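Residues per chain are reported as follows:
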Amino acid sequence: MLEKLTKWKSTMSSQEKSKDIDDINVPKHIAIIMDGNGRWAKQKGLPRIAGHREGMKVINKIVRKADDLGIEILTLYAFSTENWKRPKTEVDYLLKLPERFLNKELPTLIEKNVKVRLMGSIDKLPEHTKKAVAKAVKDTENNTGLVLNFALNYGSRYELMNAVKEIAQQVERGSLQASEIDESVLTEHLMTAELRDPDLLIRTSGELRLSNFMLWQVAYSEFWFTDVLWPDFNEQHLVEAISVYQKRARRYGGV
Ligand code: FPP
């Protein structure tokens, strides 16, 4: 444990390199589409799963840095509802990563007051994945620091469709009037119900799309895209994204 904490603290020196960031205006919620693991592996003549393994290591660095910078919520798109279309070996490997990551990192996350949270259709995940993530959520439920929100088997269209279904059921039962449905009602039925919307959305690997990620929640988020492949993403890229974010004027449709 001590060794792990020392490792965590050692990244604090990277704060020096964060001087182009204004501490006051740090985005409270950052959401990341971690893309490019496969291409990273291909470039190195390695199997795709080697890219995912390397991608998992990056999560650790970015969580530490986000915590150092005082970010409140970090949402990571780890597995989408569309990722089941991949070869079974790759899907199996991807769904082992949360367990591998948490087996190693959970004690440090607990120590650092990080609260692990999930969004997605968790029921449909393999037992071993469910067990690992359920333990992490339970063991960190009273923590009050950085919220680490893993999107696992998550798809925004499913989330919205499900919210509409739940609201329709309430109307059918008579516990809600159709005229009472407003944005806040829909928001309460999303998997992010108690989270603020992302202030900043990052996507790596040069792809310029949302891929069914938080379609409702990113309505007014700032987007930052980079060609860097996820396994090459590091603390300085995060700082750069925040620095660009801080130069943007957020008007929310106003002037
Ligand atoms: C997209 O890259 C990445 C994914 C589908 C998986 C992301 C998962 C991780 C980074 C690790 C997850 C770890 C934990 C602890 C949850 P891609 O495979 O689509 O890359 P490509 O577009 O280059 O093929």
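Here, the structure is the one placed above.
The rules behind each value
- Residues numbered from 1 in each chain as written.
- Predicted model: local features only at pLDDT ≥ 70, side-chain atom pairs only at ≥ 80, totals over all residues.
- Heavy atoms only, no water.
- Helix = DSSP H or I, 4+ residues; strand = E, 2+ residues; numbered from the N terminus.
- Buried < 20%, exposed > 50% of the residue type's maximum accessible area, 1.4 Å probe, protein only.
- Contact = heavy atoms within 4.5 Å.
- Near = heavy atom within 4 Å.
- Polar contact = N/O pair within 3.5 Å; in protein donor to acceptor, adjacent residues only side chain to side chain.
- Areas by Shrake-Rupley, 256 points an atom, 1.4 Å probe, with all protein chains shown as cover.
- Nonpolar A, V, L, I, M, F, W, Y, C, P; charged D, E, K, R; others polar.
- Expected span 1.5 Å × (residues − 1).

1. Here we look at the environment of Met-56
Mapping Met-56 onto the fold places it in helix H3 (residues 48-69). Given the relative accessible area of 15%, Met-56 is considered buried. Separated by 87 residues in the primary sequence, Met-56 and Asn-143 have C-alpha atoms spaced 23 Å apart. Sequence-distant contacts of Met-56, defined by excluding residues within four places in its chain, comprise Leu-97, Arg-100 and Phe-101.

2. Quick look at the environment of Glu-127
Its location among the elements puts Glu-127 in helix H6 (residues 127-139). By relative accessible area, Glu-127 is classed as exposed at 57%. A sequence separation of 123 residues divides Glu-127 from Arg-250, and the C-alpha atoms of the two residues are 42 Å apart.

3. Some points on the site of the ligand
In the vicinity of the ligand lie 19 residues, with Met-34, Gly-38, Arg-39, Arg-48 and Arg-86 positioned nearest. In the environment of the ligand, an oxygen atom lies 3.0 Å from a nitrogen or oxygen atom belonging to the backbone of Gly-38. Burial of the ligand by the protein amounts to 91% of the accessible area it has alone, namely 630 Å². The element that contributes the greatest number of residues to the shell around the ligand is H3, accounting for four residues. A per-class count over the shell around the ligand returns nine nonpolar, six polar and four charged.

4. Some remarks on H3
Taking 1.5 Å per residue as the helical rise, H3 with its 22 residues ought to reach 32 Å, and the 32 Å between its terminal C-alpha atoms agrees with that figure. Along H3, 16 of the 22 residues are buried, which leaves the element largely enclosed by surrounding structure.

5. Looking at unusual backbone geometry
Positive phi values are uncommon outside glycine, yet Asn-113 reaches one of about 65°. Position of Asn-113 relative to the elements: it lies in the loop between helix H5 (97-111) and strand E3 (115-119). On the accessibility criterion, Asn-113 (27% relative accessible area) is partly exposed. Residues other than glycine seldom take positive phi values, yet Asn-212 does so here, at roughly 60°. Relative to the helices and strands, Asn-212 resides in the loop between strand E5 (200-203) and strand E6 (222-225). By relative accessible area, Asn-212 is classed as buried at 14%.

Take it as geometry only, folks, not as evidence of what the structure does.
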